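Understanding the architecture of this molecule
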Amino acid sequence: MRRRIAGLLAVVLSLTLVAAACGSDEEDATKAAFIFVGPVGDAGWTYAHDQGRQAAAAETGVETAFVEAVPEGTADFGNHVRDFIDQGFNVIFGTSFGYMDDMEALAGEFPDVVFDHISGYKANGTNFGNTFGRMYEPRYLSGMVAGSATSSNLIGYVAAFPIPEVIRGINAFTLGAQEINPDVQVEVVWTSTWFDPVVEGDSAQAMLDKGADVIAMHQDSTAAGEKAEAAGARWVAYNSDMSAHAPAAHLTAPVWDWGPRYVEVIEQAMAGTYEGGYFWGSMADGTVDLAPIAADVDASVVAAVAERKQQIIDGSFHPFQGPINAQDGSVLVAAGETMADGDMLGIGVFVEGVIGSAG
Amino acid sequence: MTEASLVGLLEATVSFGALLYLAALGEMVAEKAGILNLGVEGMMAMGAVTGFVVALHSGDPWVALLAAVAAGAAVGLLHGFFTVVLGAEQVVSGLSLTILGLGLSAYLGRGSVGRPAGAELVGVDWGPLTDLPWAGPVLFGQSPLVYLAVVAGFATWFVLWRTRLGLAVRAAGESASTADAAGHSVAGIRLAAVAVGGGLAGAAGAYLTLSLTPQWVEGVVAGRGWIAVALVIFGAWRPGRVAIGALLFGLTLALKTRLQTFGVDFSPILLSMLPYLLTVGVLVVISIRSRNRPSPSPAALGIAYRREER
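Quick caveat, the model's predicted, so the values are computed rather than measured. (Residues numbered from 1 in each chain as written. Chains lettered and ligands numbered in written order. Predicted model: local features only at pLDDT ≥ 70, side-chain atom pairs only at ≥ 80, totals over all residues. Heavy atoms only, no water.)

The helix and strand tally for chain A stands at 11 helices and 16 strands. Taken against the 2.2 N^0.38 rule, which gives 21 Å for 359 residues, the C-alpha radius of gyration of chain A at 21 Å falls within 12% of a compact globule. By the burial criterion, 56% of the 359 residues in chain A qualify as buried. The long-range fraction of contacts in chain A, counting pairs at least 24 apart against all pairs at least 6 apart in sequence, stands at 65%. Only carbon and sulfur atoms are counted for the fraction: they give 52% of the accessible area of chain A, which is about 13500 Å². (Helix = DSSP H or I, 4+ residues; strand = E, 2+ residues; numbered from the N terminus. Rg over C-alpha atoms; globule rule 2.2 N^0.38 Å. Buried < 20%, exposed > 50% of the residue type's maximum accessible area, 1.4 Å probe, protein only. Contact = heavy atoms within 4.5 Å. Areas by Shrake-Rupley, 256 points an atom, 1.4 Å probe, with all protein chains shown as cover.)

If you want it as structure tokens, here you go:
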């Protein structure tokens, strides 16, 4: 049904836009369309993307449009893209991993349209490029805050699926927590869903029952935080500042800021300089960041986090610099070495200190 | 496994069990009157969104619960209108109701996604009972809706099996023409039963958004309405057996992620299938047994009744 509503909306939208387009002769104006996987009001992943869209629209002055809740792996995605292109949109953003192959095919079909894909691993060097962020950087910092906040030394980590992006985040978080608190253990609960508040909340509850006093997460809803709040525990959120949902529990959150990257892609498209490469944004360029830290966190921890943040930005510290042991005690990164981007992108094992199975 | 983890598991089992029981009880009432309603998922979604939105605007969780029950009953009556008044195919109407409920709830909840709850139904404090070890948190610290589910279970049993009204309802589901000949309004009974069923599904939906995870997102029901439909078959249309089934299925929901924290390496995806596998198993048992004794399902279930077409 939501597909039908989305489809209906797209039809209505396209009719109004066709009507509007008939009245003007700005054929060449750059217009950017966004295909979102979730609802823009999810307070998480899609919300952050829509904030980026609005910022980009304000800064570049180009017309933008979006459709929300477009499922992966169906014909819907292509239909929406074709609708937008028919309406004169010439920059298409797709914000979910599962859109990747469709975007690649469409980019071949429409060489004059720029396709920028979020979170995948493909690009064609011309009009189809890849954008993602080094979320592990702020995850490391959020781990430092969490490590300082636990007294049971057990942190529960509610996570969606054992894919490299999530495993990388858990590892960075754990290493950050261990920097402040060497005795800390991070236990992972897999939910097998990105977005089911009931399962996410119950997973957090299971860890709280087990004695965890801080809950971290790689999920898109706020349910885990609400359970932490009710239990008097603390919470590290994700995606955007979710402190309104659990004001007492909220410690901080690794967050996305897509605005600057969207501005960059739109400006490159306008200037004809878009190259369809790989962009892995970082704290240095502002794509990822750490939300404000709760007021009751010790000032020395806040200062240590600020120092690490500066070192990560200027390159003098890397969250995955050796020596790092894997969960089974083998050497993952030797002393004096730093994990290469390729290894990070394909990471499939946990670091020492994580409880749970990575596969 | 620590004691706290085990208590937590039992607490979640009762909590999820009550959620499934409310919805399954409603479906059972409708089916006992002869109306199969596959729209449970949609009615729960409507109850969930109505409860959350009304709580947001009124700030009163009980008003929100009543509104959710009314919304569920209204969607149930829609099914009644199609299947009882118009005599439409029940499976098709029920499935349409699921699709309609999911879509309409998403539409109605658009402005409420991601917003903190306006009001919650918090756990009931039974005084010293709540402080008991084990039984306290598991039985006496639950949401009011858990106790409502228990009361609804007893009430359903009493009305259906101990009153003349209940006899008329069951007659409408077993042999509508007999009920008609006995002077009962089959259409009235069936409409009322499907409305009660919808109301209970609405309450189950409100349990999700007012108690279990006080927030609204599209798809919050996530297939749990279908488990309730399966549960009615599993429980052989008997409130007591449905209650046992609800606790069993509730246990599988509670175990889904908890097994990992107990250090058991078992796929949560396989565990999610368990309620359906158990139901298929029960169907097999029912069909084998029904060779020499009557099936527990209402004989007129799914059959539209028109007096002149007897």
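Residue and element names in this part refer to chain A. Relative to each other, helix H7 (residues 197-209) and helix H8 (residues 223-231) sit at 40°, their axes nearing to 7 Å. It follows from the interaxial angle that H7 and H8 lie oblique. Seen from above, H7 lies across H8 with right-handed handedness. Between H7 and H8, the residues in contact are Pro 197, Glu 200, Gly 201, Ala 204, Gln 205 and Leu 208 and Ala 223, Ala 224, Lys 227, Ala 228 and Ala 231, respectively. Split into classes, the residues belonging to the contact of H7 with H8 amount to seven nonpolar, two polar and two charged. (Axes fitted to C-alpha atoms, helices over the stretch in contact; angles between N-to-C directions. Parallel < 35°, antiparallel > 145°, perpendicular 65-115°, else oblique. Left-handed = near helix turned anticlockwise from the far one by under 90°. Nonpolar A, V, L, I, M, F, W, Y, C, P; charged D, E, K, R; others polar.)

A separate point is the sheet that holds strand E6 (residues 154-159) of chain A. Residues and elements named next belong to chain A. Strands sit in the order E10-E9-E8-E6-E7-E16 across an open sheet of six strands; the sheet is parallel. The outermost strands of the open sheet, each flanked by one partner alone, are strand E10 (250-252) and strand E16 (354-355). Sheet analysis places strand E8 (residues 214-218) next to strand E9 (residues 234-236), joined by three bridges and oriented parallel. Bridging from a neighbouring strand, Val 214 pairs with Arg 234 of E9. Sitting on the sheet, helix H6 (residues 164-180) is in contact with E6, strand E7 (185-190), E8, E9 and E16, with an inclination near 165° to E6. Contacts between H8 and the sheet are confined to E8 and E9, with E9 contributing the most and set at about 160° to the helix. (Pairing = 2+ DSSP bridges.)

With that settled, consider the packing of helix H2 (residues 40-58) of chain B against helix H3 (residues 61-85) of chain B. All names here are of chain B. Here H2 crosses H3 at 150°, and the two axes come no closer than 7 Å. Classified by the interaxial angle, the pair formed by H2 and H3 is roughly antiparallel. The element H2 and its partner H3 pack so that their crossing is right-handed. Counted together, Met 43, Met 46, Gly 47, Thr 50, Gly 51, Val 54, Ala 55 and Ser 58 of H2 and Val 63, Ala 64, Ala 67, Ala 68, Ala 71, Gly 72, Val 75 and Gly 76 of H3 form the full contact between these two elements. For the contact of H2 with H3, the per-class residue count stands at 10 nonpolar, six polar and no charged.

A few words on the domain arrangement of chain A. Residues and elements named next belong to chain A. Domain boundaries assigned for chain A yield domain 1 (2-133 + 257-281) and domain 2 (136-253 + 291-355). Contacts between the two partners involve eight residues from domain 1 and, on the opposite side, 13 residues from domain 2. Overall, the association of domain 1 and domain 2 removes approximately 810 Å² of surface from exposure, summing both partners, and the carbon and sulfur fraction of that is 65%. On the domain 1 side of the contact with domain 2, Ala 43, Trp 45 and Trp 280 bury the most area, a combined 58% of that side's loss. (Domains from an automatic or database assignment. Buried area = accessible area lost by both parts, 1.4 Å probe.)

Quick look at the interface of chain A and chain B now. Listed per partner, the contact involves 34 residues of chain A and 33 residues of chain B. Of the roughly 2700 Å² buried between chain A and chain B on both sides combined, carbon and sulfur atoms contribute 56%. In this assembly, chain A and chain B are joined by four salt bridges. Linking chain A with chain B are 10 residue pairs in polar contact (both at pLDDT 80 or more), by the criterion used here. Going through the elements one at a time, helix H1 (2-22), E7, H7 and H8 of chain A are the ones with two or more residues in the side of chain A that touches chain B. Element by element, the count of residues in the side of chain A that touches chain B is highest for H7(A), at nine residues. (Salt bridge = Lys/Arg side-chain N within 4 Å of Asp/Glu carboxyl O. Polar contact = N/O pair within 3.5 Å; in protein donor to acceptor, adjacent residues only side chain to side chain.)

Turning our attention to the sheet that holds strand E3 (residues 91-94) of chain A. All names here are of chain A. Read across the open sheet, the six strands follow the order E2-E1-E3-E4-E5-E12; overall the sheet is parallel. Pairing within the sheet leaves two strands with one partner each, and these edge strands are strand E2 (63-67) and strand E12 (278-281). The sheet shows a mean angle of 20° between the axes of neighbouring strands, direction not considered. For strand E4 (residues 114-118) and strand E5 (residues 128-133), the ladder comprises four bridges, and the chain directions are parallel. The residue of E5 that forms the bridge with Ile 118 is Thr 131. On top of the sheet, helix H3 (residues 75-86) reaches strand E1 (31-35), E2, E3 and E4; it is set at about 165° to E1, its chief contact.

All names here are of chain A. The tally for this structure, following the rule as stated, stands at 17 salt bridges over all chains. Between Glu 109 and Arg 82 there is a salt bridge; the shortest N-O distance is 2.6 Å. Of this pair, Glu 109 sits in helix H4 (residues 100-109) while Arg 82 sits in helix H3, and the two are 27 residues apart along the sequence. In this structure, Glu 264 engages Arg 261 in a salt bridge whose closest nitrogen and oxygen atoms are separated by 2.8 Å. Within this pair, Glu 264 and its partner Arg 261 are both found in helix H9 (residues 259-271), separated by three residues, close to a single helical turn. By relative accessible area, which is 31% here, Glu 264 ends up partly exposed. Classification of Arg 261 as buried rests on a relative accessible area of 6%. Salt bridges sharing partners connect three or more residues here, namely Asp 101, Glu 104 and Lys 122.

Attention now goes to the pairing of E3(A). All names here are of chain A. Burial along E3 is two-sided: the residues Val 91 and Phe 93 and Ile 92 and Gly 94 are all buried. Across four bridges, the pairing between E1 and E3 is parallel. Bridge pairing in E3 links Ile 35 to Gly 94. When E3 meets E4, the two strands line up parallel, connected through four bridges. Opposite Ile 92, over in E4, you have Phe 115 as the bridge partner. Running through H4, the crossover from E3 to the neighbouring parallel element E4 is right-handed. (Right-handed = clockwise from strand over helix to strand, strands pointing away.)

Further remarks concern a positive patch on the surface. Residue and element names in this part refer to chain B. On the surface, Arg 238, Arg 241, Arg 289 and Arg 293 cluster together into a positively charged patch. Within the secondary structure layout, Arg 289 lies in helix H12 (residues 268-289). Classification of Arg 289 by relative accessible area gives partly exposed; the value is 41%. (Patch = residues over 30% accessible without salt bridge, like charges linked within 9 Å, V, L, I, M, F, W, Y side chains within 5 Å. Lys, Arg positive; Asp, Glu negative; His and termini not counted. Charge placed at Lys NZ, Arg CZ, Asp CG, Glu CD.)

Further remarks concern H6(A). With 17 residues, H6(A) extends 25 Å between its outermost C-alpha atoms, agreeing within 8% with the 24 Å of an ideal straight helix rising 1.5 Å per residue. Summarising burial for H6(A): 13 of the 17 residues are buried, a large majority. (Expected span 1.5 Å × (residues − 1).)

This next bit is on the pairing of E6(A). Residues and elements named next belong to chain A. A large share of E6 lies buried, amounting to six of its six residues. Burial along E6 is two-sided: Leu 154, Gly 156 and Val 158 and Ile 155, Tyr 157 and Ala 159, pointing in opposite directions, are all buried. Where E6 lies against E7, six bridges are found, and the strand directions are parallel. When the sheet's bridge partners are listed, Ala 159 is paired in E7 with Trp 190. After leaving E6, the chain enters H6 and then returns to the sheet as E7, a path that is right-handed. Relative to E8, E6 is paired through five bridges, and the arrangement is parallel. Bridge pairing links Ile 155 to Val 214 in E8.

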